[in-house]
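A look at the structure
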Amino acid sequence: MSVDIHTVKRVAHLARIALDDDDADRMAGELNTILGFVQQLDEVDVAGVEPMTSVAPMKLKMRQDAVTDGGKAMDIVANAPATDENFFLVPKVVE
Amino acid sequence: MTDLTALTIAEASNALKKRAFSARELTDAYLAAIEGANGDLNAYVAVTPDKARAMAEASDLRLARNEGRALEGIPLGIKDLFATEGVHTQACSHILHGFLPRYESTVTSNLWRDGAVMLGKLNMDEFAMGSSNETSWYGPVKNPWRAHGSNLDLVPGGSSGGSAAAVAARLCAGATATDTGGSIRQPAAFTGTVGIKPTYGRCSRWGIVAFASSLDQAGPIARDVRDAAILLKSMASSDEKDTTSADLAVPDYEAALGKSVKGMKIGIPREYRVEGMPDEIEALWQKGIAWLRDAGAEIDEISLPHTKYALPAYYIVAPAEASSNLARYDGVRYGLRVPGRDIIDMYEKTRAAGFGREVKRRVMIGTYVLSAGYYDAYYLKAQKVRTLIKRDFERVFADGVSAILTPATPSAAFGIADQDMAADPVKMYLNDIFTVTVNMAGLPGIAVPAGLDGRGLPLGLQLIGRPFEEETLFQTAHVIEQAAGRFSPERWW
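Residues numbered from 1 in each chain as written. Chains lettered and ligands numbered in written order. Predicted model: local features only at pLDDT ≥ 70, side-chain atom pairs only at ≥ 80, totals over all residues.

Concerning the overall build of chain B
Summing up its helical and strand segments, chain B has 16 helices and eleven strands in all. Computed over C-alpha atoms, the radius of gyration of chain B comes to 21 Å, within 12% of the 23 Å expected from 2.2 N^0.38 for 493 residues, which places it in the range of a compact globule. Over its C-alpha atoms, taken along the principal directions, chain B stretches across nearly 65 × 55 × 50 Å. The buried share of chain B, taken over its 493 residues, is 62%. A sequence separation of at least 24 residues applies to 77% of the contacts in chain B between residues at least 6 apart. (Helix = DSSP H or I, 4+ residues; strand = E, 2+ residues; numbered from the N terminus. Rg over C-alpha atoms; globule rule 2.2 N^0.38 Å. Buried ≥ 20, exposed ≤ 12 C-beta atoms within 10 Å, placed from the backbone. Contact = placed C-beta atoms within 7 Å.)

Shown next, in the form of structure tokens:
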């Protein structure tokens, strides 16, 4: 499988990364090199093999359904580029 | 007085307890060393002298009352991937411009709880994506090692390049690091230092900037095996804030040092003899085998048949997880924002300006392999291959093998701005060929210096262990260290 510029631009949009034509062209070459490298996996017979879902043989832990944290609105917005009274400010999304 | 920065953590701790010098003096010695070297080496991206001195003075008060804790007064460097409250934390990315966390990572909290002193934040590849520390927004780190008779600047490896360089150049007594595909062990091998990636789940990932969550693990880089054992004991814990952290007591790793390896089965995997590997690496491996055999270990040739598929599977799994983890950098909640004509345009411009080339490449690969129509062909397949890689290890461990000995890297440190690697991203990825299997299987692995090559550059060996048997790795690595000796660069900076 190899990717063309059209695919690169579609993926870039999915990944929310602006790419100009030069970037997209170079990225297509690099992605094809990497995809060519991972193609080796086609040699492996994975029939009947379960995909790994947890690297350690352990049960995912449960915790009490209780409030353990909170009241930190100021801390949460402290690093935001634009805020107003503990809200994040973004460009208008609804007319 | 001798140069205080020459002391290991174990030596400095003893001297502090005997009041041979104060914690403040030790910290000042390191701050002076950083001041004198960082302009050349670029190992630190932020130095915190005021905080360091305040912590050292608090340690001196404790020491005066004979209440010193495990790392009382020991000055450490912290990889920029760990959230440190109120202190520069950017994963060496521009997209986290100006980010000052309002919380502290569990691993660094554990270190401060034990009395350690923070010197500052260490350089790294952007979001830990790289094997040379060249993808950092803050520029490359120079390896304190140079080849004989050469003034060519070499990379310290990556992604924990700042950690490894700072430890080797004595700009900290020890450092935190993280390892997703080899980012502790490869830089340790390139700088003549000891680095251990513990079992997945041994150190809490809470407060560590996420790259690939099923692979990321924190661990120390240190001057010697003992210091690595001391640091890991503090860093490791069971943590409610990380549901993948293991509910197991942390053993006294240092107690494993000096125990005999007599009768221990050491596996030598034939698949790690790769094409084009320099003779010196093969010779070093043979030397390691001989040292362990001389110490009474039983050497067994073993097979890990899916080894060669670990790196290609990694370059599906890690970018896929990264593309998801890095979705949070959108110009809304923290860091950089580049204005746009609407919110989507703002996201796209912010991420275009904030991420470097390697990070964009990996986010793009990850987005592609997870996109509709490709998920089964790439991601699901890679996760199945991962199961096979893990089974390879389980089979040899079931046969009684306690540890596996391999080279740590396929070469010694290479030059900064290496043209071959710049032209082909896969060439750079091949640096992790011996280390990445360990992350894919969630196992512990340690890199220990074992010698110098013909040009005088350090080379390392790797030991891979059973899950949560880090003690065996410390015990065995210590035998190698005793035989090989320790290695320090000659100062040129």
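Okay, back to it.
Brief notes about the overall build of chain A
For chain A, the count of helices and strands is three helices and two strands. The globule rule puts the C-alpha radius of gyration for 95 residues at 12 Å, and the 22 Å found for chain A is more than 25% above it. Overall, the C-alpha framework of chain A stretches about 55 × 45 × 25 Å when taken along its three principal axes. Counting across all 95 residues of chain A, residues that qualify as buried make up 17%.

With respect to the interface of chain A and chain B
With 38 residues of chain A in contact, the opposing surface of chain B contributes 54 residues. Where the side of chain A that touches chain B is concerned, the elements lending two or more residues are helix 1 (5-14) and helix 2 (21-38) of chain A. Of the residues forming the side of chain A that touches chain B, the biggest block, seven residues, is contributed by helix 2 of chain A. Residue classes in the side of chain A that touches chain B are distributed as 29 nonpolar, three polar and six charged. (Nonpolar A, V, L, I, M, F, W, Y, C, P; charged D, E, K, R; others polar.)

Let's talk about the sheet that holds strand 11 (residues 458-465) of chain B
All names here are of chain B. Read from one edge to the other, the open sheet built from eleven strands follows the order 1-3-2-4-6-5-10-11-9-7-8, with strand pairing classed as mixed. Each edge of the sheet is formed by a strand with only one pairing partner; in this case those strands are strand 1 (44-47) and strand 8 (298-302). The mean angle between the axes of side-by-side strands here comes to 30 degrees, regardless of whether they run parallel or antiparallel. Where strand 5 (residues 194-197) lies against strand 6 (residues 217-222), two bridges are found, and the strand directions are antiparallel. By the bridge assignment, Val194 is partnered in strand 6 with Ala222. (Pairing = 2+ DSSP bridges. Axes fitted to C-alpha atoms, helices over the stretch in contact; angles between N-to-C directions.)

A short note on the environment of Thr135 of chain B
All names here are of chain B. Along the chain, the position of Thr135 falls in the loop between strand 3 (117-122) and helix 5 (161-168). Overall, the presence of 25 C-beta atoms within 10 Å leaves Thr135 in the buried class. Counting along the chain gives 113 residues from Thr135 to Ser22, while the straight-line C-alpha distance between them is 38 Å. Discounting chain neighbours no more than four positions away, the residues touching Thr135 are Asp125, Glu126, Met129, Gly130, Gly356 and Glu358.

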